[in-house]
Amino acid sequence: MDRKLELLRHVPLFGRLNHKGLETIAQLADEVDVAAGTELCREGRSGDAFYVIIDGSVRIDRGGVRVNTLGPGDFLGEIALVDGGPRTATATTESASRLLVVGHREFHTLLEDFPDVRLAVLEALAERVRRLEPAVPH
């Protein structure tokens, strides 16, 4: 548990949480190691997990085109969990990666119990939506 707490302490999403908050998140999240080439989620399918990248990199594709690469401290999977809709992109590990995985129910507990985390997730969600929308002419 101490190692997981140390990992959580270095994730910007959880940066404002005190020790008790980090302990709660450590109980909600599973730490997993995955091989390069592992598909975490597929565009159009339902989603049941939120991922925080501890080590490694994850390629994000939309419509078969790379739209982003995420690394340590980044997170993904929140859009489908917030709105209950299908995944908006496919996420595949580009290298061996260590992830924190939070299930659907635990994700909602996280948002309810930690306003700072909820705000950070919502800000990231809004930024991602803006990046995916076509530019509006002036």
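In short, a report on the structure. Predicted model only: the values in this text are computed from it and were never measured. (Residues numbered from 1 in each chain as written. Predicted model: local features only at pLDDT ≥ 70, side-chain atom pairs only at ≥ 80, totals over all residues. Heavy atoms only, no water.)

So, on to helix α2 (residues 19-28). Considered for burial, the residues of α2 that qualify are G21, L22, I25, A26 and L28. Along the axis of α2, the buried positions cluster into a sector of 160°, meaning they face one direction only. Turned more than 90 degrees away from the buried face of α2 sit K20 and Q27, all of them exposed. Lining the buried residues of α2 we find α1 (2-9), β1 (29-34), β8 (97-103) and α4 (104-113). (Buried < 20%, exposed > 50% of the residue type's maximum accessible area, 1.4 Å probe, protein only. Helix = DSSP H or I, 4+ residues; strand = E, 2+ residues; numbered from the N terminus. Arc of directions from axis to C-beta. Contact = heavy atoms within 4.5 Å.)

Looking now at the nonpolar core. Counting residues in each nonpolar core, the largest one holds 26 residues, and the members touching the most others are L13, F14, F50, V52, V117 and V121. If one sorts the elements of this core by residue count, α2 sits on top with four residues. One finds L40, C41, L76 and A91 within the second-largest nonpolar core, a separate group that totals 14 residues. (Core = buried A, V, L, I, M, F, W, Y, C linked by side-chain atoms within 4.5 Å.)

Let us look at the side chain of S57. Turning to its location among the elements, S57 is positioned in the loop between β3 (49-55) and β4 (58-62). Aside from chain neighbours lying at most four places away, what touches S57 is T69, L70, T92, T93, E94, S95 and S97.

Right, let's get into the layout of surface pockets. Here the largest pocket is characterised by a volume of approximately 320 Å³. In terms of lining residues, the largest pocket is bounded by 19 residues, among which I60, I79, T88, A89 and R128 are the most central. Listed by contribution, the elements that provide at least two residues to the lining of the largest pocket are β4, β5 (65-70), α3 (78-83) and α5 (115-132). Residues of the lining of the largest pocket, tallied by class, amount to 11 nonpolar, three polar and five charged. (1 Å grid on protein atoms, 1.4 Å probe; cavity = no way out; pocket = protein on both sides within 12 Å on 5 of 7 lines; lining within 4 Å. Points joined across faces, edges and corners; volume = space filled by probe spheres on them. Nonpolar A, V, L, I, M, F, W, Y, C, P; charged D, E, K, R; others polar.)

Here we come to the sheet that holds β5. The sheet built from four strands is open, its strands ordered β2-β7-β4-β5 with antiparallel pairing. Across the chains shown, the open sheet's two edge strands, defined by having one partner strand only, are β2 (39-41) and β5. Neighbour-to-neighbour, the strand axes of this sheet turn through a mean angle of 30°, independent of strand direction. (Pairing = 2+ DSSP bridges. Axes fitted to C-alpha atoms, helices over the stretch in contact; angles between N-to-C directions.)

Interpretation in functional terms is not warranted from these geometric data alone.
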